[in-house]
Amino acid sequence: MNFDPRFSGRKFTSVGTRPIRPDGVDKVTGRARYGADFNMAGQLVGRVLRSPHAHAKIRKIDTSKAEKLPGVKAVITAADLPDLTDGDAAMYDVLDNCMARGKALYDGHAVAAVAAVDARTARQALKLIEVDYELLPHVTDVDEAMKHSAPLINDAIFTEGLEEKPVKPSNVTKRSQFGHGDVHQGFGHADFIVERSFKTEQTHQGYIEPHACVASVSSDGTADLWVCTQGHFVYRQHCAQLLGMEASKLRVTSSEIGGGFGGKTHVWAEPVALALSRKAGRPVKLVMTRDEVFRASGPTSATSVDVRIGARKDGTITAAEATLRYSCGPYAGSWAEIGAMTAFACYRLDNVKTVGYEVLVNRPKTAAYRAPSAPMAAFAVESAVDELAKEVGMDPVEFRIRNAAQEGTRSSYGPVYGPIGIGPTLEAAKSHPHMKAPLGKNQGRGMACGFWFNFGGQTCTDLNIGMDGSVSLAVGTVDVGGSRASLSLVAAEELGIAYEQVKAIVADTSSLGYNDMTDGSRGTFSSSMATISAARNAIKILRERAAQMWDISVDDVVWENGHAIAKGEKHGNLGRLSLKEIAVASGKTGGPIAGHSELVADGAGVSFATHICDIEVDPETGATRVLRYTVVQDAGKAVHPTYVEGQYQGGAAQGIGWALNEEYIYGKDGRLQNPGFLDYRIPVCSDLPMIDTQILEIPNPNHPYGVRGVGETSIVPPLAAIANAVSNAAGVRMTHIPMSPPRILAAIEAKRAG
Amino acid sequence: MAGVAVSTTINGDHVEYLCQPDETLLDVLRDRLGLTGAKEGCGTGDCGACSIILDDRLVCSCLVLGAEAEGRRVETIEGMAHGDKLHPLQQKFLEHAALQCGICTPGFLIAAKDLLAKNPDPTEEEIRFGLAGNLCRCTGYDKIVRAVQDAASVMKGA
Amino acid sequence: MRYIRPLSIEDAVGQLAGSAGTAAILAGGSDLLVRMKGGFVEPDLIVDIKAIEGLSEIRETADGFSIGAAVPCAVLGESAALKKAWPGVVEAAKLIGSKQVQGRCTITGNLCNASPAADSVPALVAAGARASVVGPAGRRTIPVESVPTGPGKTSLAKGEIIEAILLDKRPPRSGDAYLRFIPRTEMDIAVVSAGVNLTLDESGVVIAARVAIGAAAPTVLLVEEAAQVLIGSKLDEAALERLAKVCSGACRPIDDKRGTVEFRRKVAGVLAKRAATSAYARAGGK
């Protein structure tokens, strides 16, 4: 494969325009089929029994009464999902999370499941399953879990990453460290030092569509799975491994997906549905309730972070240090590690050190949530940066500009940056009219920066040219928010044809080679690279066919604006051949024309953003109102600018919810108190203002069109931007997220009391 | 448990069905009648994804029993377009990219249709409060509000 | 489980009184269906009262208003006469849930659900509203505050139905208001709330007052002392501060997922002040 992914600086015809998405009409007419919108003949209803306890030994499960209930076709426990993970610790955790093996580790942990003829029978059957629990002491708070006196969640865990192997087990699974220089020396050169501790509570991705799937296992060992997922190829591998199936015999079709944000990146109920179907010999539909989604699927980490930053009088940061403690749920993770990598990524630092601790707690298994781990680290760092700027006596934007990373800077997590957008987003924010707008009484302005790596990964794409010259593009990255439109634009651009001539679909796992899932902001980045490659391969064939039709050498045929053109004086009499003309003749020139592409999309460009917001605080109640919000972010190249704006706005809105109201609230009994949209308060329409966006385009040198990922960075700055705004409005530094009215009022009252 | 026989009108068509006494209208629409445009995001009236219009009132179909539809008029997302001609709200949602994942879209369209029927010229604030019963997690609502504003001006001109 | 839709109140009462297992009354269903969905109740009999004659009407009588038990809250907002006479009651009813829930929920259901955080109840208590109860033993009229006896519990006997909520005709120079605190702008349950109902004399002095606080005790609190603070005042700053203090002091709140004891206590006073100011202005006070 001689694919050259380097940025070419070409002029665009289709890319950068804003056409209507190909899946749009189906979605506004109710025709689009999501996870729960699919049914199979003879299908059963699957339901999961979940632990009401935060931490309990499962002595015995008696399913006999449930099995005898008329209409019940299968009951399963962990015994029906034997351990086939063969030493793969991460997959063992996934298996244990799907169905508790010996111990229930959090309120909501699955312990058994049934398949029955209807929902009522399935519900009744769950009530007939008798589980004998032995309650164990639990811990849900990240700082509490680190104490020596804390109940042990897994006594086989000995902290990794310490210089000396610990002699006793603990809830800390891993320590990681990043940085360079000598922070001790750096702080010695500082005229001002700010040192603060911060906490953030656990939040949920809050996708509106609950997890849903239909599984059908045949007696010959083949199976079909219809599921809402961010990565059907990954789900296939997980399920095949956990059920002992051959991957190629399990076809997974990704339905339309009603939001994921990282929460639909690993399996939850799908292996359970497959196991039920295998046992019952009938298709099984399993749809989580909202309560189950909150109690048992993917929250982010709760965190506790200490930050210390020092600067000279001239505003130069001399040293920066952070210790980050992230909850992982009851299974090992690398969430603090990611937080430690991202914490100071926006800055040019000579002396920097970050340390992360992964902490087990009796809460659901932590899953990725849009730029996972970065928002909490940015909250702590950007809050401290604001305070330090104040100490130095500099404007917070100027202070950040002075210390911003740039091309050639060695990042705090190791690599040296290429061309990056942190400086430009700060300059754009500085000159944005929002920065100069007047503020009223009890109002404050805050700003903050954010960073995200972005990923590439394994990608496979097919581009098939129909006999009528229309193009079907089959991709394997799930479309979570409009990528079929952007990828159609890319195919049209590369082929030189109209957007309307291309139809993009997401192919199932049997129709295309392996694709990593849609995470890490990789969907458009990696699949557009694969689409360009596939289109280039198709163009090579189109040129060959044209050469054949003209009976000239393929070396004399070039591809321009959707046409084959014969070059050279001796071919002056030959007209152009359109893609359509070549396609129509293809049956006589060698058969179907297609371009394939299999690649690992390396070189995802790092992404930066700067956000500005204005908040009003009611000093008598602690209530907040978001008055104005502006996002400035580098997209590399905005393929479909409207959907890029949408990503900026959506990430900002999620960050606003996280900053102000969203949190998991656990009772003393370790049970989740607010597993519903009523009391897990995501922003409603009337909570938000319009969210202004400014797209900057600093091309990624490692992508033909300069594309970077855009999906995640937008959730990184809001926690800090809002905290800075609230702190300015209320006159007191807020260090605990969410900044719910009781917390703000308590802070105001404490300050009043002196 | 004895089934309840129901005779009702859905999107202008006469429909009869048998449902259980505790079965919601949402379950009837989705599981018995194949009308899966209304979605269940929560089942407790907190997300609005199952919005329908029942006798000119906007309701969550998860908070209505199937048995209650007897003799009433039900409008769902499937009845919003006229043949292949989209309702102006549907068209504007597409043009403004007022959807990303699209799971909340049917509920928003029904709620917005009800809003504009009762208030053809709403302010931004009226739109925001009028649609506060519908959760969207993708868009930050910006483009949804703009699409409704644009559709309102188109519909006033029509 | 059976679902029935009686046409008369007598039939409904008879069915409820005669049912062997658990029976539930269905009007708007916005609480009942949520509880059924969560598996918290599984009624043997559901009595849908919406087809009963008169229960879906708001009637204006010589004595005031009679709001049928099946009237959705959205309809309250569409009644100009009711809105003019009792703006605080209507604004409270219009705060329950979303537009979608408004199309279904009723103030009678809100009262009988017996949540201390119910939005319409403090406004109804402040308004001195009464409930017309029909049961196997006939009809009786009781103050609304005597209906809820604790979270989820009411004083209604088996077979009894509230057929209407009664609101008095207003004396001149009267006004009421309701305010609640929620963290978002919509869709939340009140963390704490206050309803105030005032009547003034010609010089703007408060001559009658009722103050109710919600979500601050197992049932809505009617704060007599707060009314006494306001009566005789022109709602000057000192009276408002005393009102806030009295209301905060009357609270017996709990810490829960929606708020803390300190927060509820403090904000109850703030809301009482603000609601009183609004009610005073509505009564024509300056």
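Nothing here was measured: the structure is a model prediction, and the numbers come from that model.

What counts and what doesn't
Residues numbered from 1 in each chain as written. Chains lettered and ligands numbered in written order. Predicted model: local features only at pLDDT ≥ 70, side-chain atom pairs only at ≥ 80, totals over all residues. Heavy atoms only, no water. Salt bridge = Lys/Arg side-chain N within 4 Å of Asp/Glu carboxyl O. Helix = DSSP H or I, 4+ residues; strand = E, 2+ residues; numbered from the N terminus. Buried < 20%, exposed > 50% of the residue type's maximum accessible area, 1.4 Å probe, protein only. Pairing = 2+ DSSP bridges. 1 Å grid on protein atoms, 1.4 Å probe; cavity = no way out; pocket = protein on both sides within 12 Å on 5 of 7 lines; lining within 4 Å. Points joined across faces, edges and corners; volume = space filled by probe spheres on them. Nonpolar A, V, L, I, M, F, W, Y, C, P; charged D, E, K, R; others polar. Contact = heavy atoms within 4.5 Å. Buried area = accessible area lost by both parts, 1.4 Å probe. Polar contact = N/O pair within 3.5 Å; in protein donor to acceptor, adjacent residues only side chain to side chain.

With respect to the pattern of salt bridges
Part 1: The tally for this structure, following the rule as stated, stands at 80 salt bridges over all chains.
Part 2: Here aspartate 291 of chain A ties to arginine 295 of chain A by a salt bridge, and the two come within 3.0 Å at their closest N and O atoms. You can see aspartate 291 of chain A and its partner arginine 295 of chain A sitting in helix α9 (residues 290-296), 4 residues apart, about one turn around the helix.
Part 3: Given a relative accessible area of 31%, aspartate 291 of chain A falls into the partly exposed group.
Part 4: For arginine 295 of chain A, a relative accessible area of 15% corresponds to the buried category.
Part 5: Across the salt bridge formed by lysine 37 of chain C and glutamate 40 of chain B, the nearest N and O atoms sit 2.6 Å from each other.

Examining the sheet that holds strand β13 (residues 206-214) of chain C
The pairing of strands in a sheet comes from backbone hydrogen bonds and takes either a parallel or an antiparallel form.
Residue and element names in this part refer to chain C.
Part 1: One open sheet holds the 4 strands; their spatial order is β11-β12-β13-β14, and the pairing between them is antiparallel. With one partner strand each, in any of the chains shown, β11 (174-181) and β14 (221-222) form the two edges of the open sheet.
Part 2: As defined by bridge partners, strand β12 (residues 192-200) adjoins β13 across 8 bridges and the pair is classed as antiparallel. In the sheet register, valine 196 faces β13, and the bridge partner there is valine 211.

Considerations on empty space enclosed by the protein
Residue and element names in this part refer to chain A.
Part 1: Tallied over the entire structure, the rule returns 4 cavities of 30 Å³ or more.
Part 2: Its volume calculated, the largest cavity comes out at about 80 Å³.
Part 3: Considering the residues around the largest cavity, the lining is formed by Val48, Arg50, Asn97, Cys98, Tyr106, Ala110, Trp268, Ala269, Val272, Met288 and Ala296.
Part 4: Mapped by element, the contributors of at least two residues to the lining of the largest cavity are β1 (44-50) and α3 (89-98).
Part 5: Of the residues in the lining of the largest cavity, the class split is 9 nonpolar, 1 polar and 1 charged.
Part 6: In this model, the second largest cavity occupies a volume close to 70 Å³.
Part 7: Around the second largest cavity, the lining comprises 14 residues; the ones closest to its centre are Thr342, Ala343, Cys346, Ala378 and Cys449.

Structural notes on the interface of chain B and chain A
Part 1: Of the residues lining the interface, 46 residues belong to chain B; the matching set on chain A comes to 51 residues.
Part 2: With both sides pooled, the region where chain B packs onto chain A buries about 3900 Å², and carbon together with sulfur makes up 59% of that total.
Part 3: Of all residues in chain B, Leu94, Gln100 and Arg137 of chain B bury the most surface against chain A, accounting for 21% of the area lost on that side.
Part 4: At the surface where chain B touches chain A, the tally comes to 5 salt bridges.
Part 5: Of the charged contacts in the structure, one is a salt bridge between aspartate 22 of chain B and arginine 120 of chain A, with a shortest N-O distance of 2.5 Å.
Part 6: One can count 23 residue pairs in polar contact (both at pLDDT 80 or more) joining chain B with chain A.
Part 7: Mapped by element, the contributors of at least two residues to the side of chain B that touches chain A are α2 (88-95), α3 (105-118), α4 (124-130) and α5 (142-157) of chain B.
Part 8: Taken together, the residues of the side of chain B that touches chain A break down into 21 nonpolar, 12 polar and 13 charged.

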